[in-house]
Amino acid sequence: MDPSRRWGDEKRIMTTTTLDHPTALPADWRDLLALTKPRVMTLVVFTGLCGLLVAPGPIHPVLAFTAILCIALGAGAAAALNQWYEADIDALMKRTAARPLPAGRLDRQTALHFGVGLSFFSVLLMGVATNWLAAAILAVSILFYVFIYTIWLKRRTPQNIVIGGAAGAFPPLIGWAAVTGDVATLPLLLFALIFLWTPPHFWALSLFVRSDYAAAGVPMLPVVAGARATRIQILLYTLPMAAAAVAPWALGLAGPVYGLAAAALSLAFLALALRVLANRATEPKAMKPEKQLFAFSIVYLFALFGALVIDRWL
Amino acid sequence: MTGSDEREIRRRQKARAIILAVLLAAFVVLVYAITITKMSVSG
C-alpha cells in the first residue's frame with residue numbers, strides 16, 4: 001500500500017469512479033436546494049440574525065433582510081461546495097448516502113458551479129447592500145469551511161471540527177458587522193461561544209454514528225481515540241463553552257435576563273455532559289445521554305441567542 | 001432515450017426555468033429596494 005495515501009483512501013477510490021459520471025437528467029431544483037443543507041442553515045441564519053439584532057445602531061429593514069439573506073446564501077454555498085468535495089465519503093455513510101450527489105441525482109460539476117456561483121453572489125450582494133467588512137467576513141467564513149475544514153482538516157485529523165468549527169461561528173460577527181461596520185467584544189464572545197460549542201455538539205453526534213464515520217474513513221475522535229476519550233473531551237470543552245456563554249453578562253455586555261438564561265442553560269449542558277461521561281456504552285442503542293446532549297446542544301444555542309436578543313430589547 | 005425519459009427532462013427543464021424566472025424577478029425587486037433604501041438613508 002502506498003504510504004502517502006491517507007486512511008480511508010481505498011474505500012473512497014471505489015466510489016469516486018461512479019460519482020464522477022454525470023447523471024443523464026438535468027438537475028431537479030429540489031436537489032439543488034438540498035445541496036444547501038436547509039436544516040443546518042436555520043441555526044446559522046438565527047445566530048446571524050441575533051448578531052444583527054443586538055448590534056448597536058439602526059439598520060433599515062430592507063438592508064437587514066438582505067444581510068440575513070446573504071448569510072443564508074453564503075451558508076448554502078459552503079454546504080454545496082462541502083457536498084461537492086465529500087461526495088465520495090457521503091456515499092459510504094448511511095446518514096448521508098441519500099444526498100443528491102452520492103445518490104446519483106446530480107452531477108458534481110453542477111454542484112461545483114452552483115456552490116461557486118452562490119458564494120460570489122452572496123459576498124458581492126452583502127458588500128453592495130451593507131458594507132465590505134461584513135462581506136469580507138462572509139467570504140472568509142465560506143473559504144474557511146471549504147478549504148480549511150472540508151478539504152484540509154476533515155480527512156486528516158480528529159481535531160477537524162475543533163478548528164473547522166470556526167467556520168460556523170462567523171454568522172453573529174457578520175450580522176453585527178452588517179449593522180456597525182466594525183467588530184467589537186460582544187460579537188467576538190459570541191464567536192468564541194459557537195467555536196467552543198461545536199466540538200461537544202459534533203462529538204456527541206459522532207459517538208452514536210461512529211460506525212458511519214469509520215466506514216467512510218473519517219478520523220472523527222470516537223473513531224481514532226475511542227468513546228471514553230471522546231466523552232472526556234466533551235466535558236473538557238463544555239467548561240470553557242459555559243464560561244464563554246456567561247462572559248457577556250460577567251463583562252457587563254448583557255443584562256441579567258441573558259445572565260440567568262446563560263447560567264441555567266450552561267448548567268443543564270454540563271449536567272448532560274456529565275451523564276455522557278458516566279455512560280460506558282459502546283453501542284448506539286445504549287447511547288441515550290449522547291443523543292440527549294446532541295439534541296439539547298441545538299436548543300441550547302437557539303435559546304442562548306434568543307435570550308441575548310430579548311435581554312437587549314427589554 | 002425513451003419517451004418517459006424525454007418527458008422527465010422536459011418537466012425538469014420547465015420547473016427550473018420557472019424557478020429561475022421567479023428568482024430573477026425577486027432579485028430585480030431586491031436590487032430596486034436596496035437602491036431606494038440607500039438613496040433615502042444617505043439623503
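These numbers come from a predicted model, not from an experiment.

**Some details on the overall build of chain A**
Each helix and strand in chain A was counted, giving 16 helices and zero strands. For chain A, whose C-alpha radius of gyration is 20 Å, the value lies close to the compact-globule estimate of 20 Å for 314 residues. Counting the 314 residues in chain A, one finds 55% classified as buried. Across chain A, contacts joining residues at least 24 apart in sequence account for 75% of those joining residues at least 6 apart. Looking at charge distribution, chain A has the averaged site of its 24 positive side-chain charges lying 8 Å from that of its 15 negative ones.

**Observations concerning the side chain of A:His201**
Residues and elements named next belong to chain A. Relative to the assigned elements, His-201 resides in helix H11 (residues 185-208). You can call His-201 buried: its relative accessible area is 7%. The residues touching His-201, leaving out its near neighbours within four places in the chain, are Phe-294, Ser-297 and Ile-298.

**So, the packing of helix H4 (residues 61-85) of chain A against helix H1 (residues 3-42) of chain B**
The geometry of H4(A) relative to H1(B) is characterised by a closest axis approach of 9 Å and an angle of 135 degrees between their N-to-C directions. One way to sum up the angle between H4(A) and H1(B) is to call them oblique. Crossing geometry of H4(A) relative to H1(B) is assigned as left-handed. Residue-level inspection shows A:Val62, A:Leu63, A:Phe65, A:Thr66 and A:Leu69 of H4(A) in contact with H1(B), the latter providing B:Leu30, B:Ala33, B:Ile34, B:Thr37 and B:Lys38. Residues of the contact of H4(A) with H1(B), tallied by class, amount to seven nonpolar, two polar and one charged.

**Here we look at unusual backbone geometry**
All names here are of chain A. The backbone of Lys-37 sits at a positive phi, close to 50 degrees, despite the residue not being glycine. With respect to the secondary-structure elements, Lys-37 resides in the loop between helix H2 (29-35) and helix H3 (38-54). Take Lys-37: its relative accessible area is 15%, and that puts it in the buried class.

**Section: the environment of B:Ala21**
Residue and element names in this part refer to chain B. The residue Ala-21 is located in helix H1 in this model. What makes Ala-21 partly exposed here is its relative accessible area of 45%. Each C-alpha atom of the pair Ala-21 and Glu-6 lies 22 Å from the other, and the pair is 15 residues apart in sequence.

**A word on the interface of chain B and chain A**
Interfaces are often described in size by the accessible area the parts lose on coming together. The interface of chain B with chain A comprises 15 residues on the first partner and 18 residues on the second. For the pair chain B and chain A, the two sides together bury roughly 1400 Å², of which 72% comes from carbon and sulfur. The interface formed by chain B and chain A includes one salt bridge. Here B:Arg11 makes a salt bridge to A:Asp28, at a shortest N to O gap of 3.3 Å. Along the contact surface separating chain B from chain A lie four residue pairs in polar contact (both at pLDDT 80 or more). Taken together, the residues that form the side of chain B that touches chain A break down as seven nonpolar, two polar and six charged.

**Some points on the packing of aromatic side chains**
All names here are of chain A. For the coordinates displayed, the defined rule picks out 12 aromatic pairs over all chains. Seen in terms of ring centroids, Trp-84 and Tyr-85 are 6.0 Å apart; in terms of plane orientation they differ by 55 degrees. Their pairing is tilted. With a centroid separation of 5.4 Å and 75 degrees between ring planes, the pair formed by Trp-203 and Tyr-237 is classed as edge-to-face. One end of the pair, Trp-203, is in helix H11; the other, Tyr-237, is in helix H14 (residues 227-250), and 34 residues separate them in sequence.

Reading the values: rules and limits
- Residues numbered from 1 in each chain as written.
- Chains lettered and ligands numbered in written order.
- Predicted model: local features only at pLDDT ≥ 70, side-chain atom pairs only at ≥ 80, totals over all residues.
- Heavy atoms only, no water.
- Helix = DSSP H or I, 4+ residues; strand = E, 2+ residues; numbered from the N terminus.
- Rg over C-alpha atoms; globule rule 2.2 N^0.38 Å.
- Buried < 20%, exposed > 50% of the residue type's maximum accessible area, 1.4 Å probe, protein only.
- Contact = heavy atoms within 4.5 Å.
- Lys, Arg positive; Asp, Glu negative; His and termini not counted.
- Charge placed at Lys NZ, Arg CZ, Asp CG, Glu CD.
- Axes fitted to C-alpha atoms, helices over the stretch in contact; angles between N-to-C directions.
- Parallel < 35°, antiparallel > 145°, perpendicular 65-115°, else oblique.
- Left-handed = near helix turned anticlockwise from the far one by under 90°.
- Nonpolar A, V, L, I, M, F, W, Y, C, P; charged D, E, K, R; others polar.
- Buried area = accessible area lost by both parts, 1.4 Å probe.
- Salt bridge = Lys/Arg side-chain N within 4 Å of Asp/Glu carboxyl O.
- Polar contact = N/O pair within 3.5 Å; in protein donor to acceptor, adjacent residues only side chain to side chain.
- Phe/Tyr/Trp six-rings, centres within 6.5 Å; stacked < 30°, edge-to-face > 60°.

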